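Each chain, written out:
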Amino acid sequence: RSAIWNATDGYPRAVAIHEQRLVLGGSNGYPNRIDLSKIGELFNFADGINDDDGFAYSISGEYNAIEHFPTLRGILPLTFGGGWLLAGGVEKPLTPTTPQLKDQTSFGASNVRPVRVANEIIYIQRGGRRVRALGYRFDTDSYNAADLSVFAEHITEGGIVQMAYSQEPDPMLWLVRDDGVLVGCAIDR
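The text that follows walks through the structure, step by step, so that each part is easy to find. Quick caveat, the model's predicted, so the values are computed rather than measured.

## Digging into the side chain of Gln-125
So, step 1. Note on placement: Gln-125 falls in the loop between strand S10 (120–124) and strand S11 (131–137).
So, step 2. Once residues within four sequence positions are removed from consideration, Gln-125 is found in contact with Phe-107, Gly-108, Ala-109, Ser-110, Arg-130 and Arg-132.

## Some remarks on the environment of Ala-16
So, step 1. With respect to the helices and strands, Ala-16 occurs in strand S1 (residues 14–18).
So, step 2. We classify Ala-16 as buried; its relative accessible area is 11%.
So, step 3. Taking the C-alpha atoms as reference, Ala-16 lies 7.9 Å from Thr-71; in sequence the two are 55 residues apart.
So, step 4. Not counting chain neighbours up to four residues away, the residues in contact with Ala-16 comprise Arg-21, Leu-22, Val-23, Phe-69 and Thr-71.

## As for the packing of aromatic side chains
So, step 1. By the definition in use, this model includes two aromatic pairs.
So, step 2. Pairing Trp-5 with Phe-45 gives two aromatic rings, centres 5.4 Å apart and planes at 90 degrees, and the pair type is edge-to-face. Of this pair, Trp-5 sits in the segment before S1 while Phe-45 sits in the loop between strand S3 (33–36) and strand S4 (55–58); the two residues are 40 residues apart in sequence, bridging distant segments of the chain. Assigned by exposure class, Trp-5 and Phe-45 land together as buried.
So, step 3. Their ring planes at 70 degrees and their centres at 5.7 Å tell us that Tyr-136 and Tyr-143 sit as a pair that is edge-to-face.
So, step 4. Arg-132 extends its terminal NZ or CZ atom over the ring of Phe-107, reaching a point 3.6 Å from the ring centre.

## Some words on the pairing of S10
Strand residues, when the strand is regular, have side chains that alternate between the two faces of the sheet.
So, step 1. Of all five residues that make up S10, five are buried, and the element is covered over most of its length.
So, step 2. Examined bridge by bridge, strand S9 (residues 115–117) and S10 share three bridges and lie antiparallel to one another. Of the residues in S10, the one forming a bridge with Arg-116 is Ile-121.
So, step 3. Hairpin connection from S9 to S10: two residues lie between these consecutive antiparallel strands, with Ala-118 at a positive phi of about 55 degrees.
So, step 4. Taken together, the five bridges between S10 and S11 define a ladder with antiparallel strand orientation. Within S11, the residue paired with Glu-120 across the bridge is Gly-135.

How each quantity is defined
Residues numbered from 1 in each chain as written. Predicted model: local features only at pLDDT ≥ 70, side-chain atom pairs only at ≥ 80, totals over all residues. Heavy atoms only, no water. Helix = DSSP H or I, 4+ residues; strand = E, 2+ residues; numbered from the N terminus. Contact = heavy atoms within 4.5 Å. Buried < 20%, exposed > 50% of the residue type's maximum accessible area, 1.4 Å probe, protein only. Phe/Tyr/Trp six-rings, centres within 6.5 Å; stacked < 30°, edge-to-face > 60°. Lys NZ or Arg CZ within 6 Å of the ring centre and 35° of its normal. Pairing = 2+ DSSP bridges.

Printed below as a string of structure tokens:
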């Protein structure tokens, strides 16, 4: 992929490992393109049609760069404009011939790295003020991005610039505001 990742077009800003594939995307030149490596060969991006071959996929109609690739039941590309689910289909692995991309939320993500808490991805919404929990909902067969900060909007005043999660001794979401204040939020759903 050196032809698309270079000093002119930029380098991937989003990285993940999913089902033994290295997943890269969000470069300046190809902001909505997702590249997946060959299974078990993290640096082999040779395209093909065999199930274990590498392949590329683009989010059509999306003009915001991919910021993050959290994974839950598939790859969840998050951009400034929204979030999607890239998966292989019903009970199928993600292969060059089975990719399905489905829009999940219009609440886009900031550049703050998301964290996984149990079966949800916690991320900061574009603008830096809302904390969202992206999780699968059986009743709608889709992902929902619930607003966790709705009852305490004052804690994110000024915007969030960094986030971390600690499981022990108590489950806590740690947020660093733009003014340097550290905010701790108990999170145990």
